[in-house]
Amino acid sequence: INPKDSNDQGVRNDEYVWVETPSKARIKVKTQITERVAPGVMFMPYHFGGWFEGKDLLAKYPEGTAPYVRGDAANTAFTYGYDSVTAMQETKASLCKITAA
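This write-up is about the structure you can find in this document. (Residues numbered from 1 in each chain as written. Predicted model: local features only at pLDDT ≥ 70, side-chain atom pairs only at ≥ 80, totals over all residues. Heavy atoms only, no water.)

Here we take up the sheet that holds strand 2 (residues 26-30). On the basis of which strands lie adjacent, the open sheet formed by 3 strands has the order 2-1-6 and antiparallel pairing. Of all strands in the sheet, those with a lone pairing partner are strand 2 and strand 6 (97-100), marking the two edges. On average, each strand axis in the sheet is tilted by 30° relative to the strand beside it, whichever way the strands run. (Pairing = 2+ DSSP bridges. Helix = DSSP H or I, 4+ residues; strand = E, 2+ residues; numbered from the N terminus. Axes fitted to C-alpha atoms, helices over the stretch in contact; angles between N-to-C directions.)

What follows is the structure, encoded as structure tokens:
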């Protein structure tokens, strides 16, 4: 998240946030505040693990195998639109709202 956006939303680095999409899907992820992301844009890895719809699944991992980076998977919340010209699915981009968890 860009520093301007994190300031506007009242979230800090290394804190959990909810990312909500227009379809009202919500996922819980940890923030990284960086200028590498433009204002008004959020980026997240597609393949977080260890959470599902905000619920921590750590107890389901064998001891010592918990993922280092934990959070919900982006695909859980992205919209189901498609590009009208190519008819290709657009599952890797979405509008979203970020709020502190």
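Anyway, onward from the coordinates.
So, on to the packing of aromatic side chains. Counting across every chain of the model gives 1 aromatic pair. Ring geometry for Tyr16 against Trp51: centres 5.5 Å apart, planes inclined by 50°, an arrangement best described as tilted. Here Trp51 lies in strand 3 (residues 49-52) and Tyr16 lies in strand 1 (residues 16-20), a separation of 35 residues in the sequence. Positioned over the ring face of Tyr16 is Lys28, at 5.4 Å from the centre of the ring. (Phe/Tyr/Trp six-rings, centres within 6.5 Å; stacked < 30°, edge-to-face > 60°. Lys NZ or Arg CZ within 6 Å of the ring centre and 35° of its normal.)

So, about the environment of Asp56. In this structure, Asp56 sits in strand 4 (residues 55-56). Sequence separation between Asp56 and Arg70 is 14 residues; the distance between their C-alpha atoms is 8.8 Å. Setting aside residues up to four positions removed in sequence, Asp56 forms contacts with Gly50, Trp51 and Arg70. One polar contact links the side chain of Asp56 to the main-chain amide nitrogen of Leu58, over a distance of 2.9 Å. (Contact = heavy atoms within 4.5 Å. Polar contact = N/O pair within 3.5 Å; in protein donor to acceptor, adjacent residues only side chain to side chain.)

What follows deals with the side chain of Asp72. Residue placement: Asp72 occurs in the loop between strand 5 (70-71) and strand 6. For the buried Asp72, no salt bridge is present, and the opposite-charge side chain at shortest range is Lys28, 8.2 Å distant. At 2.9 Å, the side chain of Asp72 and the backbone nitrogen of Lys28 are in polar contact. (Buried < 20%, exposed > 50% of the residue type's maximum accessible area, 1.4 Å probe, protein only. Lys, Arg positive; Asp, Glu negative; His and termini not counted. Salt bridge = Lys/Arg side-chain N within 4 Å of Asp/Glu carboxyl O.)

Taken across its 5 residues, strand 1 has 4 buried, putting it largely inside the fold. Pairing geometry for strand 1 and strand 2, over 5 bridges, is antiparallel. Opposite Val19, over in strand 2, you have Ile27 as the bridge partner. As judged from the 4 bridges shared by strand 1 and strand 6, these two strands associate in the antiparallel manner. Bridge pairing links Trp18 to Thr99 in strand 6.

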